[in-house]
Amino acid sequence: MLLRRLKEYADERMDMPPTLYSETPVRYIIELDAAGRLLTPQPTDTADPSSPSTKRGQRYLMPQVTRAAGIKPLLLADKSDYTLGIGGESAKPDRVRACHQAYQELLTRCAAKTNEPAVHAVVAFLADEPTAKLHLPDEFDYGALIAFRVDGAFPTDLAAVRAFWAAEHDPGAAGGTVMQCIVCGQERPVLDRLQGKIKGIPGGQMSGTSIISANAGAFESYGLGASLIAPTCADCGERFTKALNHLISDRQSHTLLAGALFVYWTRKEVGFDPYEPLDKPQPQQVQDLIANFLKGKPLPGVDETAFYATTLSASGGRAVIRDWIDTTVGAVKANLARWFLRQQIVDAYGATASPLSLYGLAAATVREAKDLPTTTPRTLLRAALTGAPLPLGMLYQTVRRSRAEQNVTHARAALITLVIRSQSPEIQEDRMSALDPQNTAPAYLYGRLLAVLADVQEAAIGKAMIVDRFYGTASSAPASVFGRLLRGAQPHLAKLERDRPGAEAALQQRLEEVMAGIDGFLPILTLEQQGLFALGFYHQRANDRAERKAAAERKKNAAA
């Protein structure tokens, strides 16, 4: 399905270059006249080191085809060993000679087939000791492409030359295997090896990666190897390869994600970018997204448009498809709205919080960003776009981090809320966004109780040590520790009753409210219950901070 959608993109949204032509950097251009004589002995150097896009030369449409270990020349635009028969210090003379001979044979065939004067001019130049006439710079790059320009025009731009290049690599003309193409479904000659590679996938080879490849017995299927394991005709193979390369080169259609490449597009251009609100969510943008979702009115001409996305990584010379999404723009918008609704929770001071980015949530599962597993952001991204429930493993990572640090941050509370709501979509959003006095779940009340006991200790002696010492145990085995904590709170309450009776009364009332819903302590909490404990603790502390801030403001206003 991925390959079909990529070919569809090439057919409908791309101006396809000539068959087996691609934009590629050409560093050196040899200028000739119509008779094949040099116009200038120094090749034109098109490289601009100050620009990343042209540091290896200006980009031109030139013949391109995948080369493995064998000798395979590129017509009229190749490296120095093929074009001029010269190589760097490490080059093997026998291979250089073989490459140059193959290049000349290809060029001779092209001249004979096309009878183009410009091609004959290049043949004449190469037949008359070209290296003796050229003045190559001392820093000459032997690995860069060299092309020819005859009377100011590239022979590669001629229609006859382009037709010759296409015919030269036509699997049908070479007696290729006839099979059903998995993309177009037609019985056609199929490629033994794809003629193009995918560029820019993290972890792949500099020369590119193959999206279909089987170079060992373990990867073969029914005795079919190389690209025959998923047979494609030459036209489909070129189109889906160029489509994917085009999307990867477009900054609006891809992003790097935890060592992988996330590529996305729509059937037609509708100006929709699903990654932007996940990467840098703006409060107003998120509010608009949620408001439109709650209205339930689709945007005509946009929401029904097909949306596609894939996540790619590489293993050596092979591309690895990590994920594939096939849905609509409207469905993605709805899922993004649910994503932000499900992560809504007050900040650490009880105020409305800004939405969190994908990486902000992912980082809540680890101590440092460098420890982040590559699978975590990918899992979050897929859940955000498809509405799939987040795995409980995400909850485990977040709860474990909270226990290790004896603290529940805003990001961890948001991720815990997100996991629980995605697992139980029937939960109303407002039941988990802030302190919920109606929530009688034992684990939630245990978390609230620890927060109140910490406030009691802090009010009495100026610091709350019980959180640092007992959060881990209280959140996993409450029966073993809460009896001790409640007994330890009594001296603090007595001290407050003597020194700060107003504070003691408020804390005692809060303690009684929480304890009223607790009927004993469970010996062990499940993973989901540990998540509720963290939310109860976070909600209570945020609520208490908000009340203290409000009281301080009232006191300040009264004094004024």
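Details of the structure are given in the entry above.
To start, this report covers the structure provided alongside it.

Calculation criteria
Residues numbered from 1 in each chain as written. Predicted model: local features only at pLDDT ≥ 70, side-chain atom pairs only at ≥ 80, totals over all residues. Heavy atoms only, no water. Helix = DSSP H or I, 4+ residues; strand = E, 2+ residues; numbered from the N terminus. Rg over C-alpha atoms; globule rule 2.2 N^0.38 Å. Contact = heavy atoms within 4.5 Å. Areas by Shrake-Rupley, 256 points an atom, 1.4 Å probe, with all protein chains shown as cover. Lys, Arg positive; Asp, Glu negative; His and termini not counted. Charge placed at Lys NZ, Arg CZ, Asp CG, Glu CD. Polar contact = N/O pair within 3.5 Å; in protein donor to acceptor, adjacent residues only side chain to side chain. Pairing = 2+ DSSP bridges. Axes fitted to C-alpha atoms, helices over the stretch in contact; angles between N-to-C directions. Salt bridge = Lys/Arg side-chain N within 4 Å of Asp/Glu carboxyl O. Buried < 20%, exposed > 50% of the residue type's maximum accessible area, 1.4 Å probe, protein only. Expected span 1.5 Å × (residues − 1). Arc of directions from axis to C-beta. Disulfide = S-S within 2.5 Å.

Topic: the overall build of the protein chain
Here's step 1: Looking only at helices and strands, the protein chain has 19 helices and 12 strands in total.
Here's step 2: For 560 residues, the compact-globule formula gives about 24 Å, and the C-alpha radius of gyration of the protein chain, at 33 Å, lies well above that figure.
Here's step 3: Projected onto the principal axes, the alpha-carbon positions of the protein chain cover approximately 110 × 55 × 50 Å.
Here's step 4: Taking as baseline every contact in the protein chain between residues at least 6 positions apart, the subset at least 24 positions apart corresponds to 72%.
Here's step 5: Accessible surface for the protein chain amounts to roughly 26,900 Å². Of this, 50% is attributable to carbon and sulfur atoms.
Here's step 6: Within the protein chain, one finds 63 positive and 60 negative side-chain charges whose respective centroids are separated by 5 Å.

Observations concerning the environment of Pro-130
Here's step 1: In this fold, Pro-130 is placed in helix α5 (residues 130–133).
Here's step 2: Along the sequence, Pro-130 and Gly-85 sit 45 residues apart, while their C-alpha atoms lie 9.5 Å from each other.
Here's step 3: Residues in contact with Pro-130, not counting those within four places in the same chain, are Leu-84 and Phe-125.

With respect to the side chain of Asp-78
Here's step 1: Positionally, Asp-78 belongs in strand β5 (residues 77–78).
Here's step 2: Within the structure, the side chain of Asp-78 is placed 2.7 Å from the backbone nitrogen of Leu-74, a separation counted as a polar contact.
Here's step 3: Among residues more than four places away in sequence, those in contact with Asp-78 are Arg-67, Lys-72, Pro-73, Thr-83, Tyr-103, Ala-144, Leu-145 and Ile-146.

A word on the sheet that holds strand β9 (residues 254–257)
In sheet architecture, strand pairing relies on hydrogen bonds along the backbone and comes in two forms, parallel and antiparallel.
Here's step 1: Read from one edge to the other, the open sheet built from four strands follows the order β9-β10-β11-β12, with strand pairing classed as antiparallel. Whereas interior strands pair on both sides, the edge strands pair on one side only; in this sheet they are β9 and β12 (318–328). Here the strands of the sheet are splayed against their neighbours by 20 degrees on average, with no regard to which way each runs.
Here's step 2: Bridge analysis of strand β11 (residues 306–315) against β12 gives 10 bridges, and the strand direction is antiparallel. Note on β12: the bridge partner recorded for Tyr-308 is Asp-326.
Here's step 3: Running at roughly 105 degrees to strand β10 (residues 260–266), helix α7 (residues 234–249) makes contact with β9, β10 and β11 of the sheet.
Here's step 4: Strands in contact with helix α12 (residues 375–386) are β9, β10, β11 and β12; relative to β12, the strand with the most contacts, it is inclined by about 20 degrees.

Topic: the pattern of salt bridges
Here's step 1: One pass over the full model with this rule turns up 32 salt bridges.
Here's step 2: Across the pair Arg-97 and Asp-94 runs a salt bridge, and its minimum N-O distance is 2.2 Å. Placement of both Arg-97 and Asp-94 in helix α3 (residues 93–114) is noted, with a separation of three residues, approximately one turn of the helix.
Here's step 3: Note on Asp-94: relative accessible area 54%, which makes it exposed.
Here's step 4: Salt-bridge contacts for Arg-510 lead to Glu-547; the nearest nitrogen and oxygen are separated by 3.9 Å. Residue Arg-510 is located in helix α18 (residues 501–515), and its partner Glu-547 is located in helix α19 (residues 527–559); the two are separated by 37 residues in the primary sequence.

With respect to the side chain of His-539
Here's step 1: Mapped onto the elements, His-539 comes out in helix α19.
Here's step 2: With a relative accessible area of 2%, His-539 lands in the buried category.
Here's step 3: Excluding residues within four positions of it along the chain, His-539 makes contact with Ile-345, Met-432, Ser-433, Ala-434, Leu-435 and Tyr-444.

Some points on helix α9 (residues 283–295)
Here's step 1: Over its 13 residues, α9 runs 18 Å from end to end, which matches the ideal 18 Å to within 8%, given 1.5 Å per residue.
Here's step 2: Of all the positions in α9, only Val-286, Leu-289 and Ile-290 are classed as buried. One face of α9 carries all of its buried residues, which in axial projection span an arc of 95 degrees.
Here's step 3: Against the buried residues of α9 lie α10 (329–342).

Points about the state of the cysteines
Here's step 1: Under the defined criterion, the tally for this structure stands at zero disulfides.
Here's step 2: Cys-184 carries a free sulfur, and the closest cysteine sulfur to it, the one in Cys-181, is 3.7 Å from it.
Here's step 3: The exposure class of Cys-184 is partly exposed, given its relative accessible area of 28%.
Here's step 4: The thiol of Cys-236 is unpaired, and the distance to the nearest cysteine sulfur, on Cys-233, comes to 3.4 Å.
Here's step 5: Judged by its relative accessible area of 0%, Cys-236 is buried.

What about unusual backbone geometry?
Here's step 1: Of note in the backbone geometry, Glu-129 takes a positive phi value of approximately 45 degrees without being a glycine.
Here's step 2: With respect to the helices and strands, the residue Glu-129 is situated in the loop between α4 (117–126) and α5.
Here's step 3: Judged by relative accessible area, Glu-129 falls into the exposed class, the value being 58%.
Here's step 4: One non-glycine residue, Ala-258, lies in positive phi territory at about 50 degrees.
Here's step 5: Among the secondary structure elements, Ala-258 is positioned in the loop between β9 and β10.
Here's step 6: Judged by its relative accessible area of 17%, Ala-258 is buried.

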